[in-house]
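So you can see what is in the structure, the chains are spelled out below.
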Amino acid sequence: MLYGKGVPASNSPTTADTTRPGLPLTGERTLPGIDKENYWFRRHEVAYRWITEHVSVAHYDLLEAGCGEGYGADILQRAGARVTAIDYDTAAIEHAVRAYPAVRAAVGNLAELPVPAASQDVVVSLQVIEHLWNLPEFLRDIRQILHPGGTVVLSTPNRLTFSPGVARGEKPTNPFHVEEFDGEQLAELLADAGFGEIEMYGISHSAELRSREERSGSLVDRQVAAILSQNWPPTLAADVAAITVDDFVVHPHRADALDLLAVART
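This write-up is about the structure you can find in this document. (Residues numbered from 1 in each chain as written. Predicted model: local features only at pLDDT ≥ 70, side-chain atom pairs only at ≥ 80, totals over all residues. Heavy atoms only, no water.)

### Quick look at the overall build of the chain
Condition: A run of H or I in DSSP counts as a helix once it spans at least four residues, and a run of E counts as a strand once it spans at least two, with each numbered from the N terminus. Between the two quantities, the radius of gyration covers C-alpha atoms and the globule rule is 2.2 Å times the number of residues to the power 0.38. In this scheme, a residue with accessible area under 20% of its type's maximum is buried, one over 50% is exposed, and one in between is partly exposed, where area comes from a 1.4 Å probe on protein chains only. Using a 1.4 Å probe, the Shrake-Rupley method yields the accessible areas, and only the shown protein chains count as cover for residues. Only four residue types enter the charge count, namely Lys and Arg as positive and Asp and Glu as negative; His and the chain termini do not. Every charge is mapped to an atom, namely NZ of Lys, CZ of Arg, CG of Asp or CD of Glu.
Counting its regular elements, the chain contains nine helices and eight strands. In terms of C-alpha radius of gyration, the chain reaches 18 Å, essentially the compact-globule figure of 18 Å for 266 residues. With the principal axes as the frame, the chain shows a C-alpha extent of 50 × 45 × 30 Å. Taking all 266 residues of the chain together, the buried fraction comes to 53%. A total accessible area of about 11,600 Å² is found for the chain, and carbon and sulfur atoms account for 53% of it. Computed over 22 positive and 36 negative side-chain charges, the separation of the two mean positions in the chain equals 3 Å.

### A short note on the pairing of strand E6 (residues 196–205)
The criterion, for reference: Pairing between two strands is assigned when DSSP locates at least 2 bridges connecting them.
Direction of pairing for E6 relative to strand E8 (residues 259–265): antiparallel, over a ladder of six bridges. Paired with Met 200 across the bridge in E8 is Ala 262. In terms of strand pairing, E6 meets strand E7 (residues 248–252) through five bridges, oriented antiparallel. Across the sheet, the residue bridging to Ser 204 is Val 249, located in E7.

### A few points about the pattern of salt bridges
The condition is simple: The term salt bridge refers to a side-chain nitrogen of Lys or Arg lying within 4 Å of a carboxyl oxygen of Asp or Glu.
Scanning the model with the defined rule gives 13 salt bridges in all. The residue Glu 45 makes a salt bridge to Arg 42 at a minimum N-O spacing of 2.8 Å. Of this pair, Glu 45 and Arg 42 both sit in helix H1 (residues 38–54), three residues apart, roughly one helical turn. Taking the relative accessible area as the measure of exposure, Glu 45 reaches 1% and is therefore buried. By relative accessible area, which is 4% here, Arg 42 ends up buried. Note that Arg 222 is salt-bridged to Asp 239, the shortest N-O span being 2.9 Å. Residue Arg 222 is located in helix H8 (residues 219–229), and its partner Asp 239 is located in helix H9 (residues 234–241); the two are separated by 17 residues in the primary sequence. A relative accessible area of 19% places Arg 222 in the buried class. By sharing partners, the salt bridges in this structure join Arg 159, Arg 168, Asp 182 and Glu 188 into a single network.

### Overview of the sheet that holds strand E2 (residues 82–87)
Operational definition: Lines fitted to C-alpha atoms define the axes, with helix axes restricted to the stretch in contact, and inter-axis angles between N-to-C directions lie between 0 and 180 degrees. Only heavy atoms enter the contact rule, under which two residues are in contact if any of them lie within 4.5 Å.
As summarised here, the arrangement of the eight strands in space is E3-E2-E1-E4-E5-E8-E6-E7, forming an open sheet in which the pairing is mixed. Of all the strands in the sheet, just strand E3 (104–107) and E7 have a single pairing partner and so form its edges. Mean inter-strand twist for the sheet, computed between neighbouring axes without regard to direction, equals 20 degrees. Note that strand E1 (residues 61–65) and strand E4 (residues 120–126) share three bridges and pair parallel. By the bridge assignment for E4, Leu 62 is matched with Val 122. The sheet strands contacting helix H2 (residues 71–78) are E1, E2 and E4, and the helix crosses E2 at an angle near 170 degrees. Running at roughly 155 degrees to E6, helix H6 (residues 183–192) makes contact with strand E5 (146–157), E6 and E8 of the sheet.

### So, the packing of aromatic side chains
Quick reminder of the rule: Pairing of aromatic side chains requires ring centres within 6.5 Å, counting the rings of Phe and Tyr and the six-membered ring of Trp. Pairs whose planes differ by under 30 degrees are stacked, by over 60 edge-to-face, and all others tilted.
If you walk through the whole model with that rule in mind, you get five aromatic pairs. Between Tyr 48 and Tyr 71, the ring centres sit 5.7 Å apart and the planes meet at 70 degrees, which makes this aromatic pair edge-to-face. Of this pair, Tyr 48 sits in helix H1 while Tyr 71 sits in helix H2, and the two are 23 residues apart along the sequence. Put simply, the rings of Tyr 39, Trp 40 and Phe 248 pair up and form one aromatic cluster.

### A word on the packing of H8 against H9
How two helices sit against one another is set out by the angle between their axes and by the gap between those axes. Rules: For classification purposes, an angle smaller than 35 degrees is called roughly parallel, one larger than 145 roughly antiparallel, one from 65 to 115 roughly perpendicular, and anything else oblique. Note on convention: near helix rotated counterclockwise from far helix by under a right angle means a left-handed crossing. Clockwise means right-handed.
Two elements in contact, H8 and H9, have axes whose closest approach is 11 Å; the angle formed by their N-to-C orientations is 130 degrees. Here H8 lies oblique to H9, going by the angle between them. Handedness of the H8/H9 crossing: left-handed. Facing Leu 219, Arg 222, Gln 223 and Ala 226 of H8, the residues of H9 in contact are Thr 235, Leu 236, Asp 239 and Val 240.

### Brief notes about the nonpolar core
Selection rule: The definition of a nonpolar core used throughout is a set of buried Ala, Val, Leu, Ile, Met, Phe, Trp, Tyr and Cys residues joined through side-chain atoms within 4.5 Å.
Core analysis: the biggest nonpolar cluster contains 44 residues, and Tyr 39, Ile 51, Leu 62, Val 83, Val 124, Leu 126 and Val 153 have the highest contact counts within it. In this view, Val 124 contacts Tyr 48, Ile 51, Leu 62, Leu 63, Glu 64, Ala 65, Leu 76 and Val 153; residues no more than four positions away in its chain are not counted. In terms of nonpolar packing, the next biggest core, distinct from the first, is built from 29 residues, Leu 110, Leu 132, Phe 138 and Ala 187 among them.

As structure tokens, this is what we get:
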């Protein structure tokens, strides 16, 4: 299954020039402009758009730690943030530089963030922390590079719904993930790293999408079955291609959320 990370409020696939060669699918990284990836792309895109509407980013120095393809950094930059985007993957950064020239993108190791202390107003890291071997250290590093009163925004799959039956600290079923988290656990980790004013949210399907799923079945389960069988029915392809950011909602944290979204301040 393809899991991933991931412009104005239109539902255009991307602001990048999609006629140019893009990044290859890795099985983990979600990319814009690919019909079969559209569900996962929109599920990640909604978090970036929520940030532009609910977190002060305009005219602020913002670091995106783990930017992937770069579409999220572009959304944040278009909202007025002075964005620096880093990723460990050289190919991803080379692509981001070409596709989103207004974004400052550079190769960087999240285990040793390459930015000065107290230099950022906001740090955004979406669909990244589940890949890290030492999350407590990463959170402490983020706190160190933020200005006093700075804000961190994190998203990650909710272990309770993404890997049902997997307990805290157990290896997730997704081979790309080191560890997955529940909402209370993530809030505790942020508090232990010295953050305050911690706000926990969730990302879920909209009522309209849930209604459609009642008629046609779980969209996630149908995609998993299609990938495992290597048979992508036309009806599924059409349903996935039709997904928009409006098919997802951000709400106060609930245990049944698909993804977690945390906002905390120094």
